[in-house]
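Each chain is listed here by its residues.
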Amino acid sequence: MAIDKTFSSADEAVADIPDGATLAVGGFGLSGNPMALIEALLESGATDLSVVSNNCGVDGWGLGLLLAAGRIRKMTSSYVGENKEFARRYLSGELELELTPQGTLAEKLRAGGSGIAAFFTRTGVGTLVAEGGLPQRYDADGNVVQASSPKEVRTFAPGGVENEYVLEESIVTDFSLVHALRGDRHGNLVFNKATRQFAPPAAMAGRVCIAQVEELVEPGEIDPDQVHLPGVYVHRIVEVGPDIEKRIEKRTVRAAEGEV
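Residues numbered from 1 in each chain as written. Predicted model: local features only at pLDDT ≥ 70, side-chain atom pairs only at ≥ 80, totals over all residues. Heavy atoms only, no water.

Trainee: Quick question: what am I supposed to make of the state of the cysteines here?
Mentor: Cysteine pairs can be covalently joined through their sulfur atoms, and such a bond is termed a disulfide. Tallying each qualifying case throughout the model produces 0 disulfides. Of the cysteine sulfurs around Cys56, a residue in no disulfide, the closest is that of Cys209, at 19 Å. Classification of Cys209 by relative accessible area gives buried; the value is 0%. (Disulfide = S-S within 2.5 Å. Buried < 20%, exposed > 50% of the residue type's maximum accessible area, 1.4 Å probe, protein only.)

Now the structure itself:
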């Protein structure tokens, strides 16, 4: 029996994402942001969303669009330094934030998609990540009204060397949204460069994974050895074409030779 996971539009693919949904969203900086899906979700009106992503885009782009519209209730992220509206909402008590070390966040998503409930890691031992107390929500006066809880720390000796490790629970979300360079109708995906940082684990963590692809090909046209994420993790796929806008987060240039 043929398996065709294609949807005709981004609007159709995200139509059943409800208010209060949890989302894992791919993207590393502005690389690999699933913009067609984000814009369709913005248009759908879904609100009170809890989003897990490396960062929250920037003002006016990426997840920053949903943030500015007041659609995001909570962010679980590693890096939030490029978004002034994010800082404003967080510090004024309008947004809950769970800061997570970058590698730990990627592994929490991957583990969730792999059926692993939790894991121990050295990352965060001896810091507020393990000890608790990271501000997660402020009130309008700048007082901390919610902070992170302490996590279990145990001693292990892999390779015969004892060290402390902190317990991290995995992440599973209702939906995941990712961007890929290429995909086939079965959902097998190929990512481009930095997009591979967070798109595969984000895709794995969603109970329903929705992927937008620049190029949609027939099953068998992607060399199996080139597949970065097998179609078993992908439930819906939308072709958006290669000409979608791709913004650069920061552009640094040097003066042309001979210029002062």
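Trainee: Whenever I open this one, the pattern of salt bridges confuses me. Can you help?
Mentor: It is possible for side chains of opposite charge to pair when their charged atoms get near one another. Applying the stated rule across the entire model yields 20 salt bridges. Within the structure, one salt-bridge network assembled from shared partners comprises Asp48, Arg73, Lys74, Glu96, Glu98 and Arg137. (Salt bridge = Lys/Arg side-chain N within 4 Å of Asp/Glu carboxyl O.)

Trainee: I keep staring at the nonpolar core and nothing clicks. Help me out?
Mentor: General note: in soluble globular proteins, nonpolar side chains tend to be found buried as a group. Ranked by internal contacts, the top residues of the largest apolar core, which has 33 residues, are Ile17 and Met75. Contributions of two or more residues to this core are made by helix H1 (10–13), strand E1 (22–25), helix H2 (35–44), strand E2 (49–52), helix H3 (64–68), strand E3 (72–77), helix H4 (84–91) and strand E10 (173–184). It is H2 that provides the largest number of residues to this core, a total of 5 residues. Discounting residues that sit within four places of it in the chain, Ile17 has contacts with Leu23, Leu41, Ala46, Phe175, Leu177 and Ile210. (Core = buried A, V, L, I, M, F, W, Y, C linked by side-chain atoms within 4.5 Å. Helix = DSSP H or I, 4+ residues; strand = E, 2+ residues; numbered from the N terminus. Contact = heavy atoms within 4.5 Å.)

Trainee: So what exactly am I meant to see when it comes to the pairing of strand E8 (residues 153–156) here?
Mentor: Along a regular strand, successive side chains alternate from one face of the sheet to the other. Inspection of the sheet shows E8 paired to strand E9 (residues 163–169) by 4 bridges, in the antiparallel sense. In the strand pairing of E9, Arg154 is matched with Tyr165. Here E8 hands over to E9 after 6 residues, with Gly159 in that stretch at a positive phi of 70°. (Pairing = 2+ DSSP bridges.)

Trainee: Can you walk me through the sheet that holds strand E5 (residues 118–121) in this structure?
Mentor: Strand pairs in the sheet, formed through backbone hydrogen bonds, run parallel or antiparallel to each other. Here we have 3 strands laid out as an open sheet, ordered E5-E9-E8, and antiparallel in their pairing. Two strands bound the open sheet, and with one partner strand each, they are E5 and E8. Averaged over all adjacent pairs, the angle separating strand axes in this sheet is 40°, with direction ignored. Sheet analysis places E5 next to E9, joined by 4 bridges and oriented antiparallel. Looking at E9, one finds that Phe119 is bridged to Glu168. Its contacts with the sheet put helix H5 (residues 102–114) on E5 and E9, and the angle it makes with E5 is roughly 155°. (Axes fitted to C-alpha atoms, helices over the stretch in contact; angles between N-to-C directions.)

Trainee: I would appreciate a short explanation of the environment of Leu67 in the present structure.
Mentor: The residue Leu67 is located in helix H3 in this model. A C-alpha to C-alpha distance of 26 Å links Leu67 and Ser8, two positions 59 residues apart in sequence. Excluding anything up to four places from it in sequence, Leu67 contacts Cys56, Ile72, Asn83, Glu85, Phe86, Arg89 and Leu95.

Trainee: Teacher, can you tell me more about the packing of aromatic side chains here?
Mentor: Given two aromatic rings, one states the distance between the centres and the angle between the planes to describe the pair. Under the definition given, this model contains 4 aromatic pairs. Aromatic side chains Phe28 and Phe198 sit 6.2 Å apart centroid to centroid with 15° between the ring planes, which places their arrangement in the stacked category. One end of the pair, Phe28, is in the loop between E1 and H2; the other, Phe198, is in the loop between strand E11 (189–190) and helix H7 (199–205), with 170 residues separating them in the sequence. When its relative accessible area of 4% is taken as the criterion, Phe198 is described as buried. (Phe/Tyr/Trp six-rings, centres within 6.5 Å; stacked < 30°, edge-to-face > 60°.)

Trainee: Looking at this structure, how should I read the side chain of Thr76?
Mentor: Along the polypeptide, Thr76 turns up in strand E3. Exposure remark for Thr76: the relative accessible area of 7% places this residue in the buried category. Contacts of Thr76, omitting those with residues within four sequence positions, involve Val51, Val52, Ser53, Glu98, Thr100, Leu105 and Ile171.

Trainee: Help me understand H2 in this model?
Mentor: Counting along an α-helix, one turn takes 3.6 residues, and residues three or four places apart therefore face a common direction. Considered for burial, the residues of H2 that qualify are Met35, Leu37, Ile38, Ala40 and Leu41. The secondary structure elements touched by the buried residues of H2 are H1, E1, E2, H3, E10 and strand E12 (206–217). Backbone geometry just downstream of H2 places Gly45 in the positive-phi region, at approximately 90°.

Trainee: Can you help me understand the pairing of E12 in this one?
Mentor: As paired elements, E10 and E12 share 10 bridges and run parallel to each other. Its bridge partner lying in E12, Ala180 is registered against Val213. Bridge count between E12 and strand E13 (residues 236–239): 4 bridges; the pairing is parallel. Along E13, the bridge assignment pairs Val213 with Glu239.

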